[in-house]
Amino acid sequence: MFAAAAGLSLARGNRVAAALAAMRVLLGCVTRAGELSSAATSAGLCGTGAVVFHAPGRRHETSVTHASWMNRSRITEQIVLARLSKGLTWQELADAIGRPVVWTTSALLGQHPIPAELGTVLVEMLGLDASAVPVLAAPPMRGGLPTAVPTDPTIYRFYEALQVYGEAIKELIHEKFGDGIMSAINFSVDVHKKTHSSGDRVVVTFDGKFLPYQWVAADEQ
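Residues numbered from 1 in each chain as written. Predicted model: local features only at pLDDT ≥ 70, side-chain atom pairs only at ≥ 80, totals over all residues. Heavy atoms only, no water.

A.B. asks: Tell me about the overall build of the chain, and name the residues and values.
C.D. replies: Helices and strands together make up the secondary structure of the chain, namely 8 helices and 4 strands. The order of α-helices and β-strands along the chain, N terminus first, is α-α-β-β-α-α-α-α-α-α-β-β. Counting every position in the chain, which comprises 221 residues, the buried fraction comes to 26%. Accessible surface for the chain amounts to roughly 14,200 Å². Of this, 59% is attributable to carbon and sulfur atoms. (Helix = DSSP H or I, 4+ residues; strand = E, 2+ residues; numbered from the N terminus. Buried < 20%, exposed > 50% of the residue type's maximum accessible area, 1.4 Å probe, protein only. Areas by Shrake-Rupley, 256 points an atom, 1.4 Å probe, with all protein chains shown as cover.)

In structure tokens:
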């Protein structure tokens, strides 16, 4: 039983370490080779250190670096660690503040400001320090992909789909709406699981306001 408990503890540590390592790459703090990003450190986004997980009689260290001060990148790492350690789902966190799960997940991963009253609830659930609340409430530096072409397989599928269907989507938007674009600011995303006889399917819905191109001079009213 002791060995089983040790194995489970180490396995959880490995999962958390892997998640944190991926997060550091996503935030641009380390390269995929595990090297500290000079651009990120010079910009003050990342510091140095090591994340250590303990199992009975064993020690597991990762090469993941972390900041020595409270900033959005470090809080994101703490959120990832705390959620896995506490066994919380993104849906549970979203339900706790009454917000959509995609928005909540994106916000907790550093892409949206979280109002203080909601941040307080999330910080308490995750067991983080209260000093994280005002940092989470501040407008973040958006955009979390370290490369122009994503290399994570899940994210890359969207890039691949747009390579194949992007022109068709553009043509159909213009045909139905006119000359313009879909907003990614006045916007929402939904992710659903759809059962199917050939296997479960992923249904992702982008819902954005249509914004027509307009020529408006600065001196026009």
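A.B. asks: Break down the environment of Ile185 for me, with residues and values.
C.D. replies: Relative to the assigned elements, Ile185 resides in strand 3 (residues 180-194). Residue Ile185 is classed as exposed on the basis of its relative accessible area of 82%. Separated by 23 residues in sequence, Ile185 and Gly208 place their C-alpha atoms 7.6 Å apart.

A.B. asks: Please provide a residue-by-residue account of the UniProt feature "active site" (unreviewed entry) in the chain, values included.
C.D. replies: Here, the residues flagged by UniProt with the feature "active site" (unreviewed entry) are Arg157, Glu160 and Ser183. Turning to its location among the elements, Glu160 is positioned in helix 8 (residues 153-177). Its relative accessible area of 35% is what places Glu160 among the partly exposed residues. Along the chain, Ser183 falls in strand 3. (UniProt positions renumbered as here; feature names shortened; annotations may be inferred.)

A.B. asks: Before we move on, can you summarise the packing of aromatic side chains with the specific residues and values?
C.D. replies: All told, the structure shown has 3 aromatic pairs when counted by the stated rule. Consider the rings of Tyr156 and Tyr159, whose centres lie 5.5 Å apart with planes at 40 degrees: the pair is tilted. Placement of both Tyr156 and Tyr159 in helix 8 is noted, with a separation of 3 residues, approximately one turn of the helix. Taking relative accessible area as the criterion, Tyr156 reaches 28% and is therefore assigned partly exposed. Stacked on the ring of Trp103, the Lys or Arg Arg99 has its end atom at 4.1 Å from the ring centre. (Phe/Tyr/Trp six-rings, centres within 6.5 Å; stacked < 30°, edge-to-face > 60°. Lys NZ or Arg CZ within 6 Å of the ring centre and 35° of its normal.)

A.B. asks: If you had to explain the environment of Gln111 to someone new, which residues and values would you point to?
C.D. replies: Mapped onto the secondary structure, Gln111 falls in the loop between helix 5 (101-108) and helix 6 (116-126). Through-space distance from the C-alpha of Gln111 to that of Pro139 is 8.5 Å; in sequence the pair is 28 residues apart. For Gln111, the residues in contact, after removing those within four places along its chain, are Arg72, Ser106, Pro140, Arg142, Gly143 and Gly144. (Contact = heavy atoms within 4.5 Å.)

A.B. asks: I'd like to hear about the pairing of strand 3, residue by residue, with values.
C.D. replies: Both strand 3 and strand 4 (residues 201-212) contribute to a ladder of 11 bridges, which runs antiparallel. Looking at the pairing, Met182 lines up with Phe210 of strand 4. (Pairing = 2+ DSSP bridges.)

A.B. asks: I'd like a rundown of the packing of helix 4 (residues 90-97) against helix 6, residues and numbers included.
C.D. replies: In the contact formed by helix 4 and helix 6, the axes pass within 9 Å of each other and the chain directions differ by 140 degrees. By the angle between their directions, the pair helix 4 and helix 6 is classed as oblique. As for the relative orientation of helix 4 and helix 6, their crossing is right-handed in sense. Contacts between helix 4 and helix 6 involve Glu92, Leu93, Ala96 and Ile97 on the former and, on the latter, Leu118, Val121, Leu122, Met125 and Leu126. Of the residues belonging to the contact of helix 4 with helix 6, the class tally is 8 nonpolar, no polar and 1 charged. (Axes fitted to C-alpha atoms, helices over the stretch in contact; angles between N-to-C directions. Parallel < 35°, antiparallel > 145°, perpendicular 65-115°, else oblique. Left-handed = near helix turned anticlockwise from the far one by under 90°. Nonpolar A, V, L, I, M, F, W, Y, C, P; charged D, E, K, R; others polar.)

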